[in-house]
Amino acid sequence: MKQFLSTIAFIAGIVPTIKGQTDVTEQYIKNPDFEINYLTYWNVSGIQMQNNASFAKHGGVYVEKWTNKGNGVGSASITQELKNLPQGQYTLKVLAQNIQQDSPTAAQSGAVVFAGDNTTAITTPGEYSVDFTHLHGNITIGFRLTNATGNYCCCDNFRLYRNGNASESAALEDARLYEEERAALAELYANASGATPSVKGNDYIAIGGVFALGRFTVTTNGATIKERGYCFSKSNPEPTVMDSVSTYAYSHEGSIYVIEPLTPETFYWIRPYVITKDNVVAYGESKYIATLPKASCTWTYGYEGDDAQNARIVQAINNGIVNYNECTAIKKFNLSGHYVWGAGAGSGTAECKYGGEMNISQAEAYQRTGTVQHEFAHGVGVGTRKIAWGFDAIGSWDNTDVHDWAWKGRRANDFVQFMENSKEVQVVGDGTHGWAQNTNGRTNKLIDYGINGANEDNNTQLLYRANAMFVEAMHEDGLNATWNNKTGTPCYSYIYHPLKKYYLMNKDSEGGLGEGLLYQRASTDIAWRPLLTGEVISNSAAWYMEYDPQNSLYSFKNASTGKYLTHPTTGNLCVRVVTTNPSSTEKFQLMPDRTDVTIEIDGKKNKTHGYWFTWESSGSQSMSAASFSKRRGYGSISQEPFNYSDDATTQQWIILSEDELAAYQQKAIETGISTITVNDNAFDGEGTIAGIYTTEGISLDTLQKGINIVKYSNGQVKKIIFK
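As the structure is a prediction and not an experimental result, all values here were calculated from the model.

**Points about the overall build of the chain**
Helices and strands together make up the secondary structure of the chain, namely 7 helices and 48 strands. For the chain, restricting intrachain contacts to residue pairs at least 6 apart in sequence, the fraction spanning at least 24 positions comes to 64%. When the accessible surface of the chain is totalled, it reaches about 29800 Å², and 48% of it is carbon and sulfur.

**Section: the side chain of arginine 271**
Following the sequence through the fold, arginine 271 ends up in strand β20 (residues 267-276). With relative accessibility at 10%, the residue arginine 271 sits in the buried group. Within the local environment of arginine 271, its side chain forms a polar contact with the side chain of glutamate 238, the two groups lying 3.1 Å apart. A polar atom in the side chain of arginine 271 sits 2.6 Å from the backbone oxygen of proline 239.

**Digging into the sheet that holds strand β8 (residues 118-121)**
Hydrogen bonds between backbone groups are what pair the strands of a sheet, and the pairing can be parallel or antiparallel. Read from one edge of the open sheet, 5 strands run β2-β5-β10-β7-β8, paired in antiparallel fashion. On the outer flanks of this sheet lie β2 (43-45) and β8, each paired with one strand and no other. Strand after strand, the sheet turns through a mean of 15 degrees between neighbouring axes, direction not considered. Here β2 runs beside strand β5 (residues 74-82); their pairing, made up of 3 bridges, is antiparallel.

**Observations regarding the packing of aromatic side chains**
Under the defined criterion, the tally for this structure stands at 34 aromatic pairs. Geometrically, the ring pair formed by tyrosine 41 and tyrosine 248 is tilted, given 5.0 Å between the ring centres and 40 degrees between the ring planes. Placement of tyrosine 41 in the loop between α1 (25-28) and β2 and of tyrosine 248 in the loop between β17 (244-246) and β18 (249-251) is noted, with a sequence separation of 207 residues between them. A relative accessible area of 26% means that tyrosine 248 is categorised as partly exposed. Among the aromatic residues, those joined into a ring-pair cluster are Phe267, Trp269, Tyr288, Tyr492, Tyr496, Tyr547 and Tyr554. The ring of phenylalanine 114 has arginine 144 sitting right over it, with the charged end atom 4.2 Å from the ring centre. Positioned above the aromatic ring of phenylalanine 211 is the side chain of arginine 465, whose terminal nitrogen or guanidinium carbon lies 3.8 Å from the ring centre.

**Focus on the nonpolar core**
Grouped together as the largest cluster of nonpolar side chains are 53 residues, with contacts concentrated most on Leu213, Tyr324, Phe415, Met419 and Tyr449. Not counting chain neighbours up to four residues away, the residues in contact with methionine 419 comprise Leu213, Arg215, His252, Glu253, Ile256, Ile447, Tyr449, Leu462 and Ala466. The next biggest cluster of nonpolar side chains, apart from the first, holds 46 residues, and it includes Tyr492, Ala625, Ile637 and Ile655.

**Overview of helix α3 (residues 307-327)**
The terminal C-alpha atoms of α3, which comprises 21 residues, lie 30 Å apart, in line with the 30 Å expected from a rise of 1.5 Å per residue. For α3, the capping residue at the N-terminal end is aspartate 306, with a side-chain oxygen 3.2 Å from the backbone nitrogen of alanine 308.

**Details of the packing of helix α4 (residues 369-379) against helix α6 (residues 461-476)**
The contact between α4 and α6 brings their axes to 10 Å, and the two run at 0 degrees. On the basis of the axis angle, α4 is roughly parallel to α6. Together, Thr369, Gly370, Gln373 and Ala377 of α4 and Tyr464, Asn467, Ala468 and Val471 of α6 make up the contact between the two elements. Across the contact of α4 with α6, the residue classes break down as 4 nonpolar, 4 polar and no charged.

**Here's the deal with the sheet that holds strand β26 (residues 357-360)**
With respect to topology, 4 strands assemble into an open sheet ordered β23-β24-β26-β25, the strand pairing being mixed. Of all strands in the sheet, those with a lone pairing partner are β23 (296-301) and β25 (350-352), marking the two edges. In this sheet, neighbouring strand axes are inclined to one another by 20 degrees on average, regardless of whether the strands run parallel or antiparallel. Pairing geometry for β23 and strand β24 (residues 331-339), over 5 bridges, is parallel. Residue tryptophan 299 lies in a different strand from β24, and its bridge partner there is leucine 335. Where α3 meets the sheet, its contacts fall on β23, β24 and β26, and the angle it forms with β23 comes to roughly 170 degrees. Where α4 meets the sheet, its contacts fall on β24, β25 and β26, and the angle it forms with β25 comes to roughly 25 degrees.

**Remarks on the pattern of salt bridges**
The full count for this structure, using the stated rule, is 20 salt bridges. Lysine 500 is the salt-bridge partner of aspartate 659, the closest N and O atoms lying 2.8 Å from each other. Within this pair, whereas aspartate 659 is found in helix α7 (residues 658-670), its partner lysine 500 is found in the loop between α6 and β31 (501-506), the two being separated by 159 residues in sequence. Aspartate 659 gets classed as partly exposed once you look at its relative accessible area, which sits at 44%. Of the residues examined, lysine 500 reaches a relative accessible area of 26% and is grouped as partly exposed. A network of salt bridges, in which partner residues are shared, links Arg410, Lys507, Asp593, Asp596 and Lys607.

**Details of the pairing of strand β38 (residues 589-592)**
Along β38, one buried face is formed by Gln589 and Met591 and the opposite face, lined by Leu590 and Pro592, is buried too. By the bridge criterion, 4 bridges tie β38 to strand β41 (residues 611-616) in an arrangement that is antiparallel. Its bridge partner lying in β41, proline 592 is registered against tyrosine 611.

**So, unusual backbone geometry**
A negative phi holds for most residues other than glycine; trans holds for most peptide bonds. Look at the link from glutamate 260 to proline 261: it is a cis peptide, with omega at 0 degrees. Here proline 261 shows up in the loop between β19 (255-259) and β20. One non-glycine residue, tyrosine 303, lies in the positive phi region at around 55 degrees. Mapped onto the elements of the fold, tyrosine 303 is located in the loop between β23 and α3.

Rules behind the numbers
Residues numbered from 1 in each chain as written. Predicted model: local features only at pLDDT ≥ 70, side-chain atom pairs only at ≥ 80, totals over all residues. Heavy atoms only, no water. Helix = DSSP H or I, 4+ residues; strand = E, 2+ residues; numbered from the N terminus. Contact = heavy atoms within 4.5 Å. Areas by Shrake-Rupley, 256 points an atom, 1.4 Å probe, with all protein chains shown as cover. Buried < 20%, exposed > 50% of the residue type's maximum accessible area, 1.4 Å probe, protein only. Polar contact = N/O pair within 3.5 Å; in protein donor to acceptor, adjacent residues only side chain to side chain. Pairing = 2+ DSSP bridges. Axes fitted to C-alpha atoms, helices over the stretch in contact; angles between N-to-C directions. Phe/Tyr/Trp six-rings, centres within 6.5 Å; stacked < 30°, edge-to-face > 60°. Lys NZ or Arg CZ within 6 Å of the ring centre and 35° of its normal. Core = buried A, V, L, I, M, F, W, Y, C linked by side-chain atoms within 4.5 Å. Expected span 1.5 Å × (residues − 1). Parallel < 35°, antiparallel > 145°, perpendicular 65-115°, else oblique. Nonpolar A, V, L, I, M, F, W, Y, C, P; charged D, E, K, R; others polar. Salt bridge = Lys/Arg side-chain N within 4 Å of Asp/Glu carboxyl O.

Next comes the structure, spelled out in structure tokens:
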């Protein structure tokens, strides 16, 4: 919620005696002790992270500003805005100091812990607190130095407590004030006037388990923007700023907005928004996303080093596992960490085997989160499974393509192109490690997705999340994370709308590319046939998509009959009635293919691609289209062993939305594709075609330009205009 009711100062004489304290740190302060991904969520000016033992810190790290003894550190700050803090009386606590190291008991000036306008001075080492009373809205907390006289100023481990009466009546009063503020904001936005910006979201959304990442562009149309972000909702198809919002963004090649907090394996509607200084709210298009299934990565450590080494390594491993559980869907990966002198390359770095046995050396620079996440990647298959590099289905050994070896999988390349905000970026590697590079030859060093060396670890959440999501994307391209994986990791690879119809076109030139659609041919049979020259396409060729976020598999329900596309144990694919929920035989993994095809839609040439519809049944299987048979009037749909190769186009299917299909169908008619012929036993939902005639009754063998009369064996007649 935006700042609407202001924070008021704590006045000791009128605030009731504290009867108790409730720790609310977890609800309102993000990363309060800097232990997870270091300084993420904090606004930092002139202060830095430290992990030595010179300050009585909590955990492995703290923040400091230091200069030589006898000098003062001057000014700096570390702050965080707490969102939607309810009305109440609070105490903010922190470990801190402001000292001269040669006289640590002498009080120094210029350092405070603060909450809003309320401050407490910090001098000698210890725990400090500031009390304040707050009404609804946001409030900024933190540690601030203003011409501080100490040479060594530190803080760590912020904690927030709510004080006093937590009775039901107090909770009801909180709720009442909260709703009053919401109503006031809603009225403010509803009555706002002024220039209205236009907002366009990026088509690609990077999705983790507890967050998603989005980009958008804004045309201001003369307005001044005061707030940007994403709004999101589990139930509202058009979420607004009165639903959940997130304004936090990473700065990298523009702004990457962090949509959080989200729940794993859950659907959300998301859309970007901006608010102008005149309180005009503008929105982009709403998208329907599903978060990744909850990951289950765990870790153990052998504690073979000294106390300092063990502390650094444990913190790094724990950080890495937290990132993998937040950013991936990897199941049953257990990292077994050990301190081994000299492990890894050179005089000591780190190493990891497929399956998760990792050794970390004595080199302190490699006892860090970036290092362990790099090694995690080897543990889940990067460079340790053949499919990662050098196998034609996923990677290429052709070092003339971009640089060294190119990764062909679409999910990983889409991810790095989103992160770099450029289509001119590709995943490349050396057969064991991966990174992203611009196709003009300039190596990307802003985010090295593999963290291939301690010099590439910048201690940021952006880097660590990007690394984990990069590895997840490689699994979605077919890399096997654990021995249990057969066809990589299923994922939400196609963003769909639950109320729209979709159409499936095979990518093979003999399987209907450019003219044919998958349709329900009879009671249980499915097939494909040319359908794009009719003025109306029957619902027998339309499908509603469904998605199971727990196992990341899709289902397809025929729009005409309500029957589900099914892959039986043997034989051709079919449709069947589902009385409760789709079973495993109605669920498909949609793995994006790796080659593009151009289809002309609405006068524009649109580059698109297909998907393998695959599943596990006595080995990996995939839906495949046979060539069109004039004798039968259709092409059959069978199951075949899943073929990873790019030329397996009969197993690759283009998904067209109803909007795309309408535009494409019109263009197909205008360009004169001729597919309907007499006596070909064609079925389009009406019956067999009995004849095609001019308006004068002259029999035709095929459609001609102008008005055509098509008669069916069931007696129905249609007028088709062929342009």
